[in-house]
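# Breakdown of the fold
Spelled out, the chains give:
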Amino acid sequence: MNTTAFHHIRAIAKRELGSFFGSPVAYVFLVIFLLLTGFFTFTVGAFFERGEAGLASFFTWHPWLYLVLVPAVGMRLWAEERRAGTLELLLTMPINPWEAIVAKFLASWIFLGIALLLTFPVVLTVNWLGSPDNGQIFAGYLGSFFLAGAYLAITSMTSALTRNQVVAFIVSVVLCLFLILAGFSPVTDMLTRWASPALIDTVAAFSVMTHFEGFQRGVVDSRDLLFFVSIIAFALFATATILRNRRAG
Amino acid sequence: MIQIEHLTKSFGQRRVVDDLSFSVERGEVLGFLGPNGAGKSTAMRMITGFLPASAGRIRIGGHDIADAPLAAKRLMGYLPESAASYPDMTVNGFLLFIAELRGLAGDAKKRAVHRVVERCFLDSVLYQSIETLSKGYRHRTCLAQSLIHDPEVLIMDEPTDGLDPNQKHEVRNLIREMGKTKAVIFSTHILEEVDAACTRAMIIDRGRMVANGTPASLKAMSQSAGRVTLQVTGPEVTAVQAACATLAEASAVEAVGGKVRVSPKDKTAGAALARALMELAAREHWQVAELHAEEGHLDEVFRKLTVSDTVRA
Ligand SMILES: Nc1ncnc2c1ncn2[C@@H]1O[C@H](COP(=O)(O)OP(=O)(O)OP(=O)(O)O)[C@@H](O)[C@H]1O
Ligand SMILES: [Mg+2]
């Protein structure tokens, strides 16, 4: 990457993060995220009753938690720029549009990463209670981070479509829900009655569930990583295309 | 510096900008005039590379905006119609951010921000967040943004909109001064600004150019251009009217409330008509109380050339 591109990305990402943390939204989000992860892990996930030293009950809920929380973070990405008219300013600067797209995506992803890192007390707790496989926990975190990135890139895409954040939010949730359900076992089990196993496997291959599973078990498979990276790349590419074709509106 | 050839933009079936061709060189200030919805902002959005053109070519300093957008954008400063900026930033933070995107760093960046803050009188609000600024200050912040890299080409969409009379005056001075060394296009609904700041003006109506020329030549297109009003004490108005009608330079003479209004045959020859009337008065030994030639009125020309919504409806 050449240095001017780097400078542009850094400037935009810095601005974006500044505006995140300058508003109460960031803190509200962090609190809600931590409360919900705690609630799901310890109450719904029956963390203590399981009697095992691991974070399975913690990571299982992430695809569902992110389903609502990630679109909430990403919905403003482009919708807000469009509504406020700053899109016109940004896109008449001597920068490549992809630099802005990557920068804004990275800033939000970093924010989500920070939220995820703040769940560290859970890791401390299991280590205090027993002796878990910390490699497995690390893999879980890595998978969770990429999962959040995939949802975020999809939200970036839908956010570029509209000036209305609510519309961006809803469409993102629906798209992400599809990515979950395509490989969610209660759904795939039901489908076996109508569809051939080969078809179901093909559809499930597009599901984040299928690819997040490995990470939860502590396996970092390059194919799973590639899956998430492809979703991010594709969605960001789509963002660029949408921005190019839907200027002005 | 700015070369526009056959620029056209359609939204769906509707042509909003229709075959505009013109160029602006360094040292020129072009005023964009036209009724609401004429396509001024759309044209500017295409020139600055925000909207792609449906047809035609735009070159900035020789760089085609479609083929070499970055090189073209680097030369341009742009004040959008919305004068948008990031509400959660401070004025200082916003200007530093724009400077960074413009490729400035370190000392050069600080100097650039300092320069435009002074230019646009933003000292007092430098560390205030933009959302708490008054409309005029927000507008000035965005104006400052457009000047930060001292661009060779300036595109400003209604730069004096929302400013107080003092600031309007300052901004006009600024535009005139910038116009000495840069190529400037700005749009406005205030016709006096054409006189105050433009070297050339263009009237656009429903996307088409209907007039393009120096402010003086546009004014000469008005009905009243070159008309001379004469008031004398002594003789009857009708007698003066009859005497004036004999002049070779006069085409029509009318009496209005004790004064005589003489229209010239040639609209640009108002001065010659005034001279002829002066000589006539001397010959006839009239006591001249008032004699003045009109330059013409831009608003008259504007109304004549453009079809406003009210007329259309
Ligand atoms: N994105 C768009 N989609 C459809 N129509 C548009 C779009 N943007 C502008 N228009 C139409 O194009 C026409 C010209 O708009 P434009 O904003 O260029 O006018 P203007 O000359 O700047 O007017 P004003 O003096 O009010 O600023 C208007 O009729 C407007 O409705
Ligand atoms: Mg406009």
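Above this note sits the structure.
Residues numbered from 1 in each chain as written. Chains lettered and ligands numbered in written order. Predicted model: local features only at pLDDT ≥ 70, side-chain atom pairs only at ≥ 80, totals over all residues. Heavy atoms only, no water.

Quick look at the sheet that holds strand β13 (residues 259-264) of chain B now. Residue and element names in this part refer to chain B. In space, the four strands of this open sheet follow the order β12-β13-β11-β14, with antiparallel pairing throughout. Of all the strands in the sheet, just β12 (250-256) and β14 (287-293) have a single pairing partner and so form its edges. Looking at each pair of strands side by side, their axes are set apart by 20° on average, direction ignored. Taken together, the three bridges between strand β11 (residues 228-233) and β13 define a ladder with antiparallel strand orientation. When the bridges of β13 are listed, Val228 appears paired with Val262. Contacting β11, β12 and β13, helix α9 (residues 237-245) crosses the sheet at an angle of about 170° to β12. (Pairing = 2+ DSSP bridges. Helix = DSSP H or I, 4+ residues; strand = E, 2+ residues; numbered from the N terminus. Axes fitted to C-alpha atoms, helices over the stretch in contact; angles between N-to-C directions. Contact = heavy atoms within 4.5 Å.)

Quick look at the nonpolar core now. If you look at the biggest cluster of nonpolar residues, it comprises 148 residues, and the most contacted ones within it are Ile2(B), Phe22(B), Leu95(B) and Ile185(B). Ranked by residue count, the leading element in this core is helix α10 (residues 134-161) of chain A, at twelve residues. For Leu95(B), the residues in contact, after removing those within four places along its chain, are Val113(B), Val116(B), Val117(B), Leu122(B), Thr141(B), Ala144(B), Gln145(B) and Ile148(B). Ranked by size, the runner-up nonpolar core spans 18 residues in total, among them Val232(B), Val240(B), Ala250(B) and Leu277(B). (Core = buried A, V, L, I, M, F, W, Y, C linked by side-chain atoms within 4.5 Å. Buried < 20%, exposed > 50% of the residue type's maximum accessible area, 1.4 Å probe, protein only.)

With that settled, consider the pattern of salt bridges. A side chain with one charge may pair with a side chain of the opposite charge, provided their charged atoms come close. In total, this model carries 23 salt bridges over all chains according to the counting rule given. Ionic pairing is found between Asp221(A) and Arg223(A), a salt bridge with its closest N-O pair at 3.0 Å. Take Asp221(A): its relative accessible area is 21%, and that puts it in the partly exposed class. As a salt-bridge pair, Glu28(B) and Arg200(B) come within 3.0 Å of each other at their nearest N and O atoms. Linking Glu28(B) in strand β3 (residues 28-33) with Arg200(B) in strand β9 (residues 200-205), this pair joins segments that are 172 residues apart in sequence. (Salt bridge = Lys/Arg side-chain N within 4 Å of Asp/Glu carboxyl O.)

This part covers the coordination of the magnesium ion (ligand 2). Residues and elements named next belong to chain B. Note on the magnesium ion (ligand 2): its protein donors are Ser41 (OG) and Glu81 (OE). The metal-donor distances range over 1.9 to 2.2 Å. Of this pair, Ser41 sits in helix α1 (residues 40-47) while Glu81 sits in the loop between β6 (76-79) and α3 (91-101), placing them 40 residues apart in sequence. Residue class for Glu81 comes out partly exposed when judged on its relative accessible area of 34%. (Donors = N, O, S within 2.8 Å, 3.2 Å for Na, K, Ca; no water.)

What follows deals with the site of ligand 1. Lining the immediate surroundings of ligand 1 are 15 residues, of which Lys40(B), Ser41(B), Thr42(B), Glu81(B) and His189(B) lie closest. Bordering ligand 1 are residues originating from chains A and B. Between ligand 1 and Gly37(B) there is a distance of 2.8 Å, counted from an oxygen atom to a backbone nitrogen or oxygen. The contact in question runs from an oxygen atom of ligand 1 to an N or O atom on the side chain of Lys40(B), over 2.8 Å. When contributions to the shell around ligand 1 are tallied by element, the ones reaching two or more residues are β2 (14-24) and α1 of chain B. When residues of the shell around ligand 1 are assigned to their parent elements, the largest contribution, three residues, is made by α1(B). Looking at the shell around ligand 1 residue by residue, the classes come out as five nonpolar, six polar and four charged. (Near = heavy atom within 4 Å. Polar contact = N/O pair within 3.5 Å; in protein donor to acceptor, adjacent residues only side chain to side chain. Nonpolar A, V, L, I, M, F, W, Y, C, P; charged D, E, K, R; others polar.)

Once that is clear, we can look at the environment of Leu112(A). Residues and elements named next belong to chain A. Within the secondary structure layout, Leu112 lies in helix α8 (residues 97-117). Owing to a relative accessible area of 4%, Leu112 belongs among the buried residues under this scheme. A sequence separation of 43 residues divides Leu112 from Leu69, and the C-alpha atoms of the two residues are 9.5 Å apart. Apart from the residues within four sequence positions on either side, Leu112 is in contact with Phe29, Val70, Val73, Ala148 and Leu152.

This paragraph deals with the sheet that holds β2(B). Residues and elements named next belong to chain B. Across the sheet, four strands lie side by side as β2-β1-β4-β5; this open sheet has antiparallel pairing. If you trace the sheet from one side to the other, it starts and ends with β2 and β5 (63-64), each paired once. As paired elements, strand β4 (residues 55-60) and β5 share two bridges and run antiparallel to each other. What sits directly across from Arg59, in β5, is Asp64. Of the strands in this sheet, β1 (2-11), β2 and β4 are in contact with α1, which crosses β1 at around 120°.

Now for the interface of chain B and chain A. Counting from both sides, the interface comprises 24 residues of chain B and, opposite them, 22 residues of chain A. Between chain B and chain A, roughly 2300 Å² of surface is buried when both sides are summed, and carbon and sulfur atoms account for 66% of that area. Three residues stand out in chain B for area buried against chain A, namely Phe50(B), Tyr86(B) and Leu101(B), and they jointly supply 34% of the buried area on that side. Viewed at the interface, chain A and chain B are joined by two salt bridges. Its salt-bridge partner being Lys14(A), residue Glu100(B) comes within 3.7 Å of it at the nearest N-O pair. Mapped by element, the contributors of at least two residues to the side of chain B that touches chain A are α2 (69-74), α3 and α5 (135-147) of chain B. (Buried area = accessible area lost by both parts, 1.4 Å probe.)

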